Amino acid sequence: MRFYADIHVHSKYSRATARNCDLENLALWAGRKGIAVVGTGDFTHPAWFGEIRRKLSGDGSGLFTLRGDDSGVRFILSVEISTIYKKGDAVRKVHHVICVPSFEAAEKISRALGRIGNISSDGRPILGLDSRDLLEIVLESDPGSFLVPAHIWTPWFSALGSKSGFDSIDECYADLAGHIFAVETGLSSDPAMNWRVSSLDRFRLVSNSDAHSPQKLGREASIFDCESSYGGIMRALKEGEGYVGAVEFFPEEGKYHADGHRGCGVRLTPAETRRLKGICPVCSRPLTVGVLHRVEELADRPAGSQPPATAGEVKSLVPLCEIVSEIMGRGPATKGVLARCETLLEKLGSELAILTEVPTEEIGREWPPLAEAMARLRRGEVFREAGYDGEYGTIRLFGEGELAQGDRL
């Protein structure tokens with residue numbers, strides 16, 4: 001059975017998240033996006049875990065359904081943990097996504113982490129705990145519990161980040177690194193960038209949205225063709241059979257792809273940063289080194305290298321609301337754009353289906369400029385303006401002046 005899963009999400013109890021990030025809206029938007037399995041996020045937060053226990057029922061496969069919901073969307077118990085600690089004369093800041101197959105395993109992890117720090121203040125708790133020791137707690141909670149290093153290249157908070165990470169997954173998780181079988185690429189990198197680093201060959205490269213609002217679900221997701229169960233997902237990630245690949249941002253759209261200084265309006269390539277010796281030409285302070293630069297630092301293969309045996313298929317996409325926004329010439333959150341997206345979903349199916357499967361001829365009968373946009377997207381013909389230092393990049397499908405006024409209606 002082929003399906004999409006998005007396991008790295010957040011609830012309304014995480015900082016900087018939408019107030020409607022509840023189970024009902026996560027299920028609703030997962031269905032609209034075409035996501036069959038979605039993470040609960042934040043299961044260590046006591047109030048959120050209380051909602052999870054009241055509203056979700058186990059389906060016997062290690063996944064859960066929302067009581068009273070017949071959409072077919074299922075949940076996997078998940079949480080992101082932030083660890084900040086000193087190791088090797090450097091402060092490390094690493095984020096981790098954890099999945100468990102049962103309420104009991106979630107409770108074991110929460111009890112262990114509650115003895116270390118405050119898990120009630122944030123859905124993504126920040127703990128003074130070595131990454132290796134967090135992994136040990138996860139492994140002890142249940143034989144089926146697993147940990148995926150989150151957005152591994154993000155400069156400030158990741159296993160391989162330029163500001164606070166390590167040079168390998170093995171360094172980060174020490175003697176327990178053999179229990180890591182998948183890593184999350186993050187929005188600012190794609191699998192092709194990761195293929196340049198041979199030490200990552202043994203890991204499944206997964207993609208998730210890291211959504212802070214239900215509407216952001218599925219902007220990245222992983223594709224499976226296996227039994228739709230917790231065990232099926234875990235085996236596919238661990239052994240490869242049943243793992244198809246991922247749908248991705250174009251990495252330039254991620255907010256840490258290039259080097260630069262947002263406050264100074266400076267965006268640079270790795271070569272330009274090296275020429276400047278890492279110093280901002282405007283304020284003379286150190287630049288934020290982006291994901292592309294960091295990948296190049298650790299790469300032992302050239303760009304365009306053949307994918308490793310662990311690689312799957314990769315589709316780079318642009319969220320539907322951004323495409324509609326570009327065509328209409330209005331902001332992606334405006335009423336007109338949202339209404340047009342709603343109509344498209346009603347007539348053509350889920351967002352991921354529209355972006356990847358619905359024939360352009362069928363799309364064209366509803367809205368010709370969108371059909372042209374889909375044809376270009378599926379060919380990878382896009383205009384890219386890279387994100388940097390916390391500023392999202394821009395991906396466009398049409399050149400300046402290509403869209404006539406009539407296309408925007």
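Small disclaimer: the values here were computed from a predicted structure and weren't measured. (Residues numbered from 1 in each chain as written. Predicted model: local features only at pLDDT ≥ 70, side-chain atom pairs only at ≥ 80, totals over all residues. Heavy atoms only, no water.)

K.L.:
Quick rundown of the packing of helix H10 (residues 320-328) against helix H14 (residues 368-379)? Include the residues and the values.
P.N.:
Closest axis-to-axis distance for the H10/H14 pair is 11 Å, and the angle between their directions is 125°. Considered as vectors, H10 and H14 are oriented oblique to each other. Seen along the crossing, H10 lies across H14 with a hand that is right-handed. Facing Leu320, Ile323 and Ile327 of H10, the residues of H14 in contact are Pro369, Leu370, Ala373, Met374 and Leu377. (Axes fitted to C-alpha atoms, helices over the stretch in contact; angles between N-to-C directions. Helix = DSSP H or I, 4+ residues; strand = E, 2+ residues; numbered from the N terminus. Parallel < 35°, antiparallel > 145°, perpendicular 65-115°, else oblique. Left-handed = near helix turned anticlockwise from the far one by under 90°. Contact = heavy atoms within 4.5 Å.)

K.L.:
Break down the pattern of salt bridges for me, citing the residues and quoting the values.
P.N.:
Evaluation of the coordinates by the stated rule reveals 25 salt bridges. When the shortest N-O distance is used, the salt bridge between aspartate 59 and arginine 74 registers 2.4 Å. Of this pair, aspartate 59 sits in the loop between strand E3 (56-58) and strand E4 (64-66) while arginine 74 is found in strand E5 (residues 74-87), placing the two residues 15 residues apart along the sequence. For aspartate 59, a relative accessible area of 30% translates into the label partly exposed. With relative accessibility at 16%, the residue arginine 74 sits in the buried group. Here glutamate 297 ties to arginine 294 by a salt bridge, and the two come within 3.1 Å at their closest N and O atoms. One end of the pair, glutamate 297, and the other, arginine 294, are both in helix H9 (residues 291-298), three residues apart, so they sit about a helical turn from each other. (Salt bridge = Lys/Arg side-chain N within 4 Å of Asp/Glu carboxyl O. Buried < 20%, exposed > 50% of the residue type's maximum accessible area, 1.4 Å probe, protein only.)

K.L.:
Before we move on, can you summarise the pairing of strand E12 (residues 243-249) with the specific residues and values?
P.N.:
For E12, the tally of buried residues reaches seven of seven residues, placing the bulk of the element in the interior. For strand E11 (residues 221-225) and E12, the ladder comprises four bridges, and the chain directions are antiparallel. The residue of E12 that forms the bridge with alanine 221 is valine 247. As defined by bridge partners, E12 adjoins strand E15 (residues 313-317) across five bridges and the pair is classed as parallel. Each residue of the ladder has a partner; that of alanine 246, found in E15, is valine 314. (Pairing = 2+ DSSP bridges.)

K.L.:
Provide a residue-level description of the environment of lysine 163, including the pertinent values.
P.N.:
For lysine 163, the position within the fold is in the loop between strand E8 (146-149) and helix H5 (169-173). Lysine 163 gets classed as partly exposed once you look at its relative accessible area, which sits at 34%. Residues lysine 163 and phenylalanine 43, 120 residues apart in the sequence, show an inter-C-alpha distance of 28 Å.

K.L.:
Explain the packing of aromatic side chains to me, and be specific about the residues and the numbers.
P.N.:
What the rule picks out here adds up to seven aromatic pairs. For the ring pair phenylalanine 3 and phenylalanine 224, a centre distance of 5.5 Å and an interplane angle of 15° mean the geometry is stacked. Of this pair, phenylalanine 3 sits in strand E1 (residues 2-6) while phenylalanine 224 sits in strand E11; the two residues are 221 residues apart in sequence, bridging distant segments of the chain. A single burial state applies to phenylalanine 3 and to phenylalanine 224, both of which are buried. Plain terms: the ring middles of phenylalanine 49 and phenylalanine 103 are 5.9 Å apart, the flat faces sit at 85° to each other, and that makes the pair edge-to-face. Pair noted here: phenylalanine 49 is in helix H2 (residues 46-55) and phenylalanine 103 is in helix H3 (residues 103-114), with a separation of 54 residues, a long-range link. Here the two residues phenylalanine 49 and phenylalanine 103 agree in accessibility, since each one is buried. (Phe/Tyr/Trp six-rings, centres within 6.5 Å; stacked < 30°, edge-to-face > 60°.)

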